Amino acid sequence: MPDAYEWLSLIAVQQLERGDITEVTAHGRTFAVYDTAAGITVSDARCPHAGANLCLGYFDGKSVECPLHQGLFNATTGAALAAPATRPLKMIESRVQNHTVMIKIARPL
Amino acid sequence: MNQADQVLTPITQAINEGAITRRELRQLMSRSDKPALLRLALWLPLVFFTGYLIHLSIDTRWFIPAMFVHGIVLVHHFSLQHECVHYTAFKTRWLNDLVGNVCGLIIMLPNRFFRYEHCDHHTYTQRHGHDPEMIVLPASVKGYLWYLSSVPYWRAKISELYRHSIGHINNAEKKFIPKEERRTIVLEARLMALFYVCIGVYSVIQGWSAPLWYWLVPVVLGEPVMRAIRMTEHVGRPTVGDMKVNTRSNRVSMPWQFLCWNMNYHAEHHYASSVPFHALPLLSNKLGSHVYTENRGYVGAHIDMLAQIVGRKPRASAG
Ligand code: FES
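Here is what the cut-offs are and how they apply
- Throughout this description, residue numbers start from 1 for each chain and increase along the sequence as written.
- A letter from A marks each chain and a number from 1 marks each ligand, given out in the order of writing.
- Restriction of local features to residues with pLDDT of at least 70 applies here, the model being predicted, together with a cutoff of 80 or more for giving and counting side-chain atom pairs; totals for whole chains, interfaces and linings are based on all residues.
- Water and hydrogen atoms play no part in the side-chain values, which are based on all heavy atoms of the structure.
- In what follows, a contact means two residues having at least one pair of non-hydrogen atoms within 4.5 Å.
- Computed with a 1.4 Å rolling probe, the buried area is the accessible surface lost when two parts are put together, summed over both parts.
- Whenever Lys or Arg places a side-chain nitrogen within 4 Å of a carboxyl oxygen from Asp or Glu, that contact is recorded as a salt bridge.
- Any N or O atom pair separated by 3.5 Å or less is treated as a polar contact, with the protein-specific requirement of one donor-capable and one acceptor-capable atom, and with residues adjacent in sequence counted only for side-chain atom pairs.
- Put simply, DSSP H or I for four residues or longer makes a helix, DSSP E for two residues or longer makes a strand, and each gets a number counted from the N terminus.
- Residue type decides the class: Asp, Glu, Lys and Arg count as charged, Ala, Val, Leu, Ile, Met, Phe, Trp, Tyr, Cys and Pro as nonpolar, and the leftover types, Gly among them, as polar.
- Only strands joined by at least two bridges in the DSSP assignment are considered to pair.
- For helices, the fitted axis covers only the stretch in contact; all axes are lines through C-alpha atoms, and the angles between them, taken along N-to-C directions, range from 0 to 180 degrees.
- Each crossing is labelled by how the near helix is turned from the far one, with a counterclockwise turn of less than a right angle marking it left-handed and a clockwise turn marking it right-handed.
- Per-residue accessibility, obtained with a 1.4 Å probe over protein chains only, is compared with the maximum for each type, and a residue is labelled buried under 20%, exposed over 50%, and partly exposed between these values.
- For this quantity, the arc is that covered by the directions from the helix axis to the C-beta atoms.

Caption draft 1: Quick peek at the interface of chain A and chain B. Taken residue by residue, the interface counts 33 residues in chain A and 31 residues in chain B. Summing the contributions of chain A and of chain B, the shared interface buries around 2,600 Å²; its carbon and sulfur component is 48%. Area buried by chain A at its contact with chain B is led by A:Leu56, A:Tyr58 and A:Gln70, which between them contribute 24% of it. The interface formed by chain A and chain B holds 5 salt bridges in total. When the shortest N-O distance is used, the salt bridge between A:Glu65 and B:Arg31 registers 2.7 Å. Here chain A and chain B share 18 residue pairs in polar contact (both at pLDDT 80 or more) between them. Elements supplying a minimum of two residues to the side of chain A that touches chain B: strand E2 (21-26), strand E3 (29-36) and strand E5 (58-59) of chain A. Across the side of chain A that touches chain B, the residue classes break down as 15 nonpolar, 11 polar and 7 charged.

If you want it as structure tokens, here you go:
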């Protein structure tokens, strides 16, 4: 059976904001790419609480704080850490290959 | 996320229009415990000093004025609590919770509940039926004075605390308090009510009148000042979602700015609520004409409101 997922390139590592969040629009969606203390991670850019753009939030290297209501999320696991966020952030599986951030997303049917 | 699904925070608009860059915003958002601790180092002596004025004025005609002055300082714990519910007062998150709850006890504003209510105020600023903190431009001078008396405010707050203590969250509140948090809100109200009851009972049994003269009466006397300040933030501005016009910043003198923890930069705060109080003046320099500023300060804002109320100026509306 063919793989239902595919790895797509998102952004060159050298284009990332160091120690910060980089907003990337690609493949018809907007992603937040985090340069965390533990490596690069990627999430949906939309806050699961009320949809604000997390790329404009405060990032301390570990967690991202939503710019609208200051809900807090772990930027590696996506766990909701503080009110009003109750649902986890949608993380996207990612890896770095040939100096490029790659994401694993569902292949369109 | 599809672009269409995204909620546009006002700062997105300012970035898109080139008023500020993401890097500058990041710098302004950086957190520190130091500015708030320094301000508290002045704040606490001020609270004790104005309290001491009450002590000095006992049995003199200055007793009520002293309680009023102390009350003005006490009701400004709202400004500090407001900063704490945004987690921008301190870098250390638990300090925001601790200080926010203490402020809430002083002015009878449950911290967790306020946090949730305030979230919707930021999402739906000045939108009728959606903004839970909206103060409607009064229809008459009588209505204006009635609001300033703080009677409607206290009536609403006391009934809110009572309702939550008996476990009742109304339909409007259910919109912004998630299901999983309702028990916490009820527990918070019960603990707060219990705290007041304990102080009341102890005071009566021991004949201890200090809470009355150094806390409760001053807060009641000072609240009209806080109502007047809160009115300057949005009342009389258009009831639309556009942050460029729906919020008013006020240029005020240094003592007022100190008391309100820089919340006179209210439009800047709504633009980027993750920017701490100490960085708001810098944000204000960046945003410039992106925000509406009343250069005559609080008094100017009230002149504007009254001009609309008496019909000397068209009423700001959704249109
Ligand atoms: S939109 Fe992000 S916490 Fe509310």
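Caption draft 2: Highlighting the sheet that holds strand E9 (residues 91-92) of chain A. All names here are of chain A. Strand order in the open sheet made by the 4 strands is E2-E3-E4-E9, with antiparallel pairing throughout. Because the sheet does not close on itself, it has two edges, and the strands there are E2 and E9. Bridge analysis of E2 against E3 gives 6 bridges, and the strand direction is antiparallel. Residue pairing in the sheet places Thr25 in a bridge with Thr30 of E3.

Caption draft 3: Local environment of the packing of helix H9 (residues 151-165) of chain B against helix H11 (residues 182-206) of chain B. Residue and element names in this part refer to chain B. Two numbers describe how H9 lies on H11: the axes approach to 8 Å, and their chain directions differ by 115 degrees. Seen along the crossing, H9 lies across H11 with a hand that is left-handed. Each of Leu161, His164 and Ser165 in H9 lies in contact with H11, whose residues at this interface are Ile185, Val186, Ala189, Arg190, Met192, Ala193 and Tyr196. Along the lines of polarity and charge, the residues of the contact of H9 with H11 split into 7 nonpolar, 2 polar and 1 charged.

Caption draft 4: Spotlight on the sheet that holds strand E8 (residues 80-82) of chain A. Residue and element names in this part refer to chain A. Strand order in the open sheet made by the 4 strands is E5-E6-E7-E8, with antiparallel pairing throughout. In this open sheet, the two strands that pair with only one neighbour each are E5 and E8. Taken together, the 2 bridges between E5 and strand E6 (residues 63-65) define a ladder with antiparallel strand orientation. Of the residues in E6, the one forming a bridge with Phe59 is Val64.

Caption draft 5: Helix H2 (residues 22-29) of chain B, seen in detail. Every buried residue of H2(B) is accounted for by B:Arg22, B:Leu25, B:Leu28 and B:Met29. The buried residues of H2(B) occupy an angular sector of 120 degrees when the element is viewed end-on, so they sit on one face. With respect to the buried face of H2(B), the exposed residues turned more than 90 degrees away are B:Arg23 and B:Gln27. Taken together, the buried residues of H2(B) touch E2 and E5 of chain A together with helix H1 (10-16) and helix H16 (280-287) of chain B.

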